[in-house]
Every structure is written in structure tokens, then in C-alpha cells.
Amino acid sequence: MKKYILRLIILLAFTGAFYIKIVNQLVFALLALMCLGYLCRNGKVKKRNFVFLSFIFLLVVLGLYNTEGKLDNPNSPMYYAFWFIYSLTILDDIDGWRETIIENRAFVMFFTKLWCIAIGICMFLPMCYRYNDGSRGFVGFTGVEVASGGNRLCPVALLMLTMIYLCVNIYKERGMMIFSIPCIYTFFMGGSRTYFAVGCALAVLLLYDFFPKKRYFYMSIIPIAMIGMSLVSISTMGSRIEGNTWTEDSYGDFWYVLTSGRSVFWVKMLTAFSNQNLFHKLLGNGHNFTITAGGHWAHNDYIEILCTYGAVGLICYLKSVFNIFNKILHKNNVTIIAWVISIFIWAFNAFFNMFYTYLYAELALPFMLIALRYKHIENKSFVQIVEEE
């Protein structure tokens, strides 16, 4: 089953890059069912998984019950539940996932290269760009009509850069670095500041592991940073950063400009939440609460979950993220730099854009951590490792 889940995740990158909504929804539903099927294999479910997932589903049902009016975003409850299903699927057999990745080497490398080549071609096609408000954005074939619409393509690029990271760390295919160019180009030209930050962070992590002797990495930081700043100045991201830099003439205060106005509705949402009774503070206020209170969904995992599912729902989410990091990376010779960068990739995304509602970003995180966990192990099957020990 793990083989088919892995392959479906990679194929999802194609449905995301060449966006067809109904196909995306069907593939997402299939992936969720496959993960559930994996957890329920042989007709048995681990007791702790059953109890935890049952509690999460009760939270989701309660959230739907507390929702006033028509559900603004039908995907929201599914994304919240899926994160827990998916994270438990990965944690159920971490070593087994490495074995699956190795056994599917040809598939992973072929389709990763194919996706990067397809996006590389898109880079030179005018139809793959959008122009408005004096800015130019790279959106590929996602169908987005605004120049800042890279939020649809950038998470997919993050997933594929993660697959390249897997190839470098687990397959020891250092030549795959060249295929990172379309992904990094998407971060520079996609118009999303959040994915520019987390994408560049992952690129730094990839570069850090690319050099066996770390002094070469430290020697490369300054020239690469200078090249990066030069590229930013002529890219879509340059105009985005300039437009969100606070000056005395800016509309709003420093935090308003830095967060693109999000700080205003964050305050409204948290104020409305603080006025609720203890029951709603603990178990949430339903899926339309942030829309009603702030006029928009939160663009922030912590606030969105707190308002929707309450303090209990937020604690469950943070505990699941902690488990992903701790159980995959703990006691596996992971450097402090790698720990800091990997946590930043999740936390920054969750704070400024939302992590769990962007399917490709949440699919990428565990595989990035798996690549970190096993980067020091030679490319051989887990069975061989056990036999040698």
C-alpha cells in the first residue's frame, strides 16, 4: 500500500501543476482513502490510532455543527482531518517508508524529472504568466488569472523540491540538483513571499547536504546570497517585497505592511474568540467563525484552528506536528542547522500562509524529514542494514 501512496503523491504534483479542480478533488479523496486503508490494513487498527482519529473526527463533526450558515470552504474540515490521517500513516512505519522510497527509485526519479522538465518549458511560454497591477507572475498551467496566483503552483514546487532532496540524500543522486532550477524559479517568480521564504530555506538545506565537506557550503553562502539578491531585484518577488516594505508613507503600521494586512483581521478574530464562553474556547466555534469575525479566513494555522476547533483542536494539531519532527528526527544525527531550517519551513508557512490547508506543503514535510533522517545511510535496503547490525 505504501508504494501506491507514494506514487499517488508524486502524480498529484501533475494534477496540481496542470490544475483541473475535479481531478484534484478525486485524487485527494483517493489518497485519503488509501491512507485510511493503510491504517486499517488486515482489518485491524492500532488502538491508539483508532482513539485519536475518532476524537479528531468528533472535533470535525462538532466544528460542522457549530458552523453558522452555509460552509464557506467545504475543503477546510477535510484538510484538518487529513493531516492527522496522513501523519499517522507516515509514523506507522518510518523505516518501511525508506524501504518503499528505495524500491520505487526509478518511478520517483522519472516523474520528478518529468515534472521539472515540464515546468522548465513553461518558464519560456508567455501563456504561463499573468500580468496585472504592474506585476508579472509565473503561474504555469494552473489557470490562475492574477499575477500573485503563484500560491497554487508554489506548494507543488515545494513538494517536487522535496523529492529532489530525497533523491540527493537517499539515492545519492547529486546530479538531481540541476532539476531544482524550475522549482526555485517558481519561488522567485510565483509571487508568494511565504513560499519564497520556505522554498529558499529548503534550497539552503539541499545545498547544505550537497556538500560532504561543510566548509564548501559556508564558502558558498556569500556568493550564492549575492546572486540570489540580484535575481530577487529583477524578479516578481522583488516587486512583492518592495510593495510590502514599510515606510513612513505606507498605509498602516509596520505589522500591517509586513503581514499584508493580516494583522488587522488576526486581532479581530482573536478578540471575537476571547469573547466566547468556555465551551467554545475549548472546542471551537465552527468553520465560518474567522470569516464572520475577520472577513477572511485566517491565513494562519494557529488562529484558524484555535477559532474553529478551539484550544483542544490546536493542541491536537501541535502535538501531531511535534510527533512528526520528534519521531522522525530524534536521535538520528540531525544537525542543529537542519533542525532549525526544517522547523522554520513548517512554522513560517503555518504562521503567514497556512500549512494544513495546502495539500502539497503538508505532503512534502514528512518526506523532507525522512530525507534528513537517512541521509547518512548508504543506499541499500533496510533488510541489509538489519542483517549487518
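These figures come from a predicted structure and were not determined experimentally.

Draft legend 1. Fine view of the overall build of the chain. The secondary structure content of the chain amounts to 19 helices and two strands. Put simply, the chain has 389 residues, and 54% of those count as buried. Summing over all exposed atoms, the chain offers an accessible surface of approximately 18000 Å²; the carbon and sulfur share of this is 67%.

Draft legend 2. Representation of the packing of helix 9 (residues 193-210) against helix 17 (residues 336-352) within the structure. Where helix 9 meets helix 17, the axes come as close as 9 Å, and the angle between the chain directions of the two elements is 165°. Regarding the angle of helix 9 to helix 17, the classification is roughly antiparallel. The hand of the helix 9/helix 17 crossing is left-handed. Along its contact with helix 9, which presents T194, Y195, A197, V198, A201, L202, V204, L205 and Y208, the element helix 17 presents I337, A338, I341, F344, I345, F348, N349 and F352. For the contact of helix 9 with helix 17, a count of residues per class yields 15 nonpolar, two polar and no charged.

Draft legend 3. Focus on the pattern of salt bridges. Tallying each qualifying case throughout the model produces four salt bridges. For the salt bridge of K2 with D93, the shortest nitrogen-to-oxygen distance reads 3.4 Å. Note that K2 is positioned in helix 1 (residues 2-17) and D93 in the loop between helix 4 (75-91) and helix 5 (94-103), a separation of 91 residues in sequence. Judged by relative accessible area, which is 28%, D93 ranks as partly exposed. For R105, the salt bridge goes to E173, with nearest N and O atoms at 2.2 Å. Of this pair, R105 sits in helix 6 (residues 105-122) while E173 sits in the loop between helix 7 (154-169) and helix 8 (180-189), and the two are 68 residues apart along the sequence. Overall, the relative accessible area of 25% leaves E173 in the partly exposed class.

Draft legend 4. Region of interest: helix 5. For helix 5, a buried count of eight out of 10 residues is recorded, marking the element as mostly surrounded by other parts of the structure. Within helix 5, burial applies to I94, G96, W97, R98, E99, T100, I101 and I102.

Draft legend 5. Highlighting the packing of aromatic side chains. All told, the structure shown has 26 aromatic pairs when counted by the stated rule. Note on F138 and Y185: the rings are 5.4 Å apart at their centroids and 75° apart in plane angle, and the pair reads as edge-to-face. Here Y185 lies in helix 8 and F138 lies in strand 2 (residues 135-138), a separation of 47 residues in the sequence. Taking the relative accessible area as the measure of exposure, F138 reaches 0% and is therefore buried. By relative accessible area, which is 22% here, Y185 ends up partly exposed. Geometrically, the ring pair formed by Y302 and W346 is edge-to-face, given 6.0 Å between the ring centres and 85° between the ring planes. Of this pair, Y302 sits in helix 16 (residues 301-329) while W346 sits in helix 17, placing them 44 residues apart in sequence. When its relative accessible area of 10% is taken as the criterion, W346 is described as buried. The ring of Y374 carries R98 above its face, with NZ or CZ at 5.4 Å from the centroid. Stacked on the ring of Y216, the Lys or Arg R215 has its end atom at 4.9 Å from the ring centre.

Draft legend 6. Local environment of unusual backbone geometry. Located in the positive-phi region is H299, a residue other than glycine, with phi close to 55°. Following the sequence through the fold, H299 ends up in the loop between helix 15 (289-294) and helix 16. Look at M354: it is not a glycine, yet its phi comes out positive at around 105°. Inspection of the secondary structure assignment puts M354 in the loop between helix 17 and helix 18 (359-373). Judged by its relative accessible area of 1%, M354 falls in the buried class.

Draft legend 7. Structural view of helix 17. Taking 1.5 Å as the rise per residue, helix 17 with 17 residues should run 24 Å; its terminal C-alpha atoms sit 24 Å apart, in good agreement. Residues A338, I341, S342, I345, W346, N349, A350 and F352 constitute the buried set of helix 17. Count one or two residues on from helix 17 and you reach M354, which has phi positive near 105°.

Draft legend 8. Region of interest: a nonpolar patch on the surface. Residues Y218, I221, I222, M226, M229 and I337 make up a contiguous nonpolar surface patch of roughly 610 Å² in combined accessible area. Here the nonpolar patch takes five residues from helix 10 (residues 214-233), the largest share from any one element. On the accessibility criterion, I222 (59% relative accessible area) is exposed.

Draft legend 9. Spotlight on the confidence of the model for the chain. Averaged over every residue, the pLDDT of the chain is 85; residues scoring 70 or more account for 87%. A low-confidence stretch, residues 379-389 stays under pLDDT 50, and its non-local contacts, those more than four residues away or across chains, total 18 contacts.

Draft legend 10. Local environment of the nonpolar core. One finds Y80, W115, Y317 and F367 to be the most contacted residues of the largest nonpolar core, which totals 127 residues. With 14 residues, helix 16 is the single largest residue contributor to this core.

Draft legend 11. How the structure looks around the side chain of D92. The residue D92 is located in the loop between helix 4 and helix 5 in this model. Given the relative accessible area of 15%, D92 is considered buried. Within the local environment of D92, its side chain forms a polar contact with the side chain of Y38, the two groups lying 3.1 Å apart. In this structure, D92 is in contact with Y38, R41, K46 and N49, ignoring residues within four places of it in sequence.

Draft legend 12. Looking closely at the packing of helix 17 against helix 18. Viewed as axis vectors pointing N to C, helix 17 and helix 18 meet at an angle of 175°, and their least axial separation amounts to 11 Å. The angle between helix 17 and helix 18 falls in the class roughly antiparallel. Between helix 17 and helix 18, the contacting residues are A338, S342, I345, W346 and N349 on the first element and A361, L365, M368, L369 and L372 on the second.

Rules of the game
Residues numbered from 1 in each chain as written. Predicted model: local features only at pLDDT ≥ 70, side-chain atom pairs only at ≥ 80, totals over all residues. Heavy atoms only, no water. Helix = DSSP H or I, 4+ residues; strand = E, 2+ residues; numbered from the N terminus. Buried < 20%, exposed > 50% of the residue type's maximum accessible area, 1.4 Å probe, protein only. Areas by Shrake-Rupley, 256 points an atom, 1.4 Å probe, with all protein chains shown as cover. Axes fitted to C-alpha atoms, helices over the stretch in contact; angles between N-to-C directions. Parallel < 35°, antiparallel > 145°, perpendicular 65-115°, else oblique. Left-handed = near helix turned anticlockwise from the far one by under 90°. Contact = heavy atoms within 4.5 Å. Nonpolar A, V, L, I, M, F, W, Y, C, P; charged D, E, K, R; others polar. Salt bridge = Lys/Arg side-chain N within 4 Å of Asp/Glu carboxyl O. Phe/Tyr/Trp six-rings, centres within 6.5 Å; stacked < 30°, edge-to-face > 60°. Lys NZ or Arg CZ within 6 Å of the ring centre and 35° of its normal. Expected span 1.5 Å × (residues − 1). Patch = residues over 30% accessible without salt bridge, like charges linked within 9 Å, V, L, I, M, F, W, Y side chains within 5 Å. pLDDT = per-residue confidence, 0-100. Core = buried A, V, L, I, M, F, W, Y, C linked by side-chain atoms within 4.5 Å. Polar contact = N/O pair within 3.5 Å; in protein donor to acceptor, adjacent residues only side chain to side chain.

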